[in-house]
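# Structural characterization, general
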Amino acid sequence: MFKKILVANRGEIALRVIRAAREMGIGSVAVHSTADSDAMHVRMADESVCIGPPSSQQSYLSIPSIIAACEITGAEAIHPGYGFLSENAGFVQIVEDHDLTFIGPTAEHIRIMGDKITAKDTMKELGVPCVPGSDGGVPTLADAKRIGEEIGYPVIIKATAGGGGKGMKVAQSAAEMERAFMTARAEGKSNFGNDEVYIEKYLTTPRHIEIQVFGDGKGRAVHLGERDCSLQRRHQKVFEEAPGPSITAEERARIGKVCADAMANINYIGAGTVEFLYENGEFYFIEMNTRLQVEHPVTEAIFGVDLVREQIRVAAGMDLSFTQEDLKINGHGIEVRINAEKLPNFSPCPGKITQYHAPGGLGVRMDSALYDGYKIPPYYDSLIGKLIVHGRDRPEALARLRRALGELIVDGVDTTIPLFHALLAEQDVLTGDYNIHWLEHWLETNLGNA
Ligand code: ADP
């Protein structure tokens, strides 16, 4: 096992990794930009190294600085968290070239799944059901129009390199194709340096259901059920739960096995998430994320496992500490994402935290790097905390969420906490009756949000 690992990230996810390492008796190294000198992850790690100025490009994304920090501190492995370098195949290669271990999948798997067209082709071959659409990339507008007619409108045009909800445009009819096609290409080019796009049937009322998978890199893989992440704004998740309110045990076992078998087949190592849209009892693969997800704690809540610990174990060449048969669902988990954002437009709201109080009690977990007096820097993501609750069943989890939200105090900046108070008064949320468009409609109706 490693003696020391470096965490190439910041905020709550850096704390998450440091905590797992500490419980395993592994030393931790934090890296930080000059804007994060007072950040909680720096305080909590055993050691820290300043790797550059505030801009992510020059700090958290600076590969030479991160490798140098490993060399200075003697860290043997790097945990990338999510975002930043977590799905950068080139980084994984460089890490390995320096005789360090990347705590995550291989560069090859990251590359395959990072290109959405290759990912879909690979998954199709592995027997995973996909959204109907173009066979690979769509080079010209004429091709796009032909495919639109073939599969029928509405369709969605997606940048193959896209992510974080960027590079996707819906065309409701042939008349909208030109604009959607050009915009998706332009967004792909400007955000990801790749203007290749493909086309999918646009599903009108699906849920977003994702399967947590885990491989040991030796041909064994398991699934840890699903998460329903349908409550989204601009294709970004805000509320996640496990198990999914609409998924039966049979469906879970069936799609879970398809995903686990696919991962075993490719010798996948580490944590991964296979994302599907789910409509009328059918699953349609959309993409795979080759990293730990923001919403992983709801899965941890219901299975009682530590996914970061497992990531570290398999990266060190050890076996998973559980088999498929060991994994039994216990109760219900819900996570809400607390962002420093001002409603109704969700504009980022960095600033000084004048008071912070985290909720507690049975079944409550608050993953956050906040503290009294902390100044949220304006340079990074607006996620400042995740409140995760666990109950014996969904109604208990909802009651606990309401109670915990009532205890949570974040003063000094605007946050998304009021949104969750409001959502918990909605019948559809209480019954779990929502799809990927529900929240956007609700925001339009209730907050005049466009
Ligand atoms: P990203 O990589 O940007 O997260 P995804 O491919 O995972 O993009 O899609 C994100 C979200 O966009 C999905 O959760 C869903 O809400 C919506 N979406 C993607 N593909 C489709 C589709 N074919 N039909 C309807 N909605 C879609």
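So, a few notes on the structure that sits alongside this text.

Thresholds applied
- Residues numbered from 1 in each chain as written.
- Predicted model: local features only at pLDDT ≥ 70, side-chain atom pairs only at ≥ 80, totals over all residues.
- Heavy atoms only, no water.
- Disulfide = S-S within 2.5 Å.
- Buried < 20%, exposed > 50% of the residue type's maximum accessible area, 1.4 Å probe, protein only.
- Salt bridge = Lys/Arg side-chain N within 4 Å of Asp/Glu carboxyl O.
- Helix = DSSP H or I, 4+ residues; strand = E, 2+ residues; numbered from the N terminus.
- Near = heavy atom within 4 Å.
- Polar contact = N/O pair within 3.5 Å; in protein donor to acceptor, adjacent residues only side chain to side chain.
- Nonpolar A, V, L, I, M, F, W, Y, C, P; charged D, E, K, R; others polar.
- Phe/Tyr/Trp six-rings, centres within 6.5 Å; stacked < 30°, edge-to-face > 60°.
- Lys NZ or Arg CZ within 6 Å of the ring centre and 35° of its normal.

### Description of the state of the cysteines
Tallying each qualifying case throughout the model produces zero disulfides. Free cysteine: Cys-50, not disulfide-bonded; nearest cysteine sulfur from Cys-70 at 15 Å. When its relative accessible area of 42% is taken as the criterion, Cys-50 is described as partly exposed.

### Digging into the pattern of salt bridges
Overall, the coordinates contain 35 salt bridges when judged by the stated rule. In this structure, Glu-310 and Arg-313 form a salt bridge, with 4.0 Å as the shortest nitrogen-oxygen distance. Linking Glu-310 with Arg-313, this pair stays in helix α11 (residues 307–315), spanning three residues, or about one helical turn. Across the pair, exposure class does not vary: Glu-310 and Arg-313 are buried alike. Of the charged contacts, one joins Arg-400 and Glu-396 as a salt bridge, the two residues approaching to 3.6 Å between their closest N and O atoms. A residue pair is termed a helical-turn pair when its members lie 3 or 4 positions apart in one helix, as Arg-400 and Glu-396 do in helix α12 (residues 394–407) at four residues. A relative accessible area of 15% means that Arg-400 is categorised as buried. Here the residues in one salt-bridge network are Glu-210, Arg-227, Lys-237, Glu-240, Glu-275, Glu-295 and Arg-337, joined through shared partners.

### Description of the site of the ligand
In the vicinity of the ligand there are 22 residues, among which Lys-158, Gly-165, His-208, Gln-232 and Glu-287 approach most closely. A distance of 3.1 Å separates an oxygen atom of the ligand from a polar atom in the backbone of Gly-164. Broken down by class, the residue content of the shell around the ligand amounts to eight nonpolar, seven polar and seven charged.

### A few points about the packing of aromatic side chains
Within this structure, the stated rule accounts for nine aromatic pairs. With a centroid separation of 5.2 Å and an interplanar angle of 50 degrees, the aromatic rings of Tyr-371 and Tyr-374 are classed as tilted. Judged by relative accessible area, Tyr-374 falls into the buried class, the value being 9%. Counting every residue linked through ring pairs, the aromatic cluster contains Tyr-60, Phe-84, Tyr-379 and Tyr-380. Note that Arg-207 overlies the ring of Tyr-434, its terminal NZ or CZ placed 5.0 Å from the centroid.

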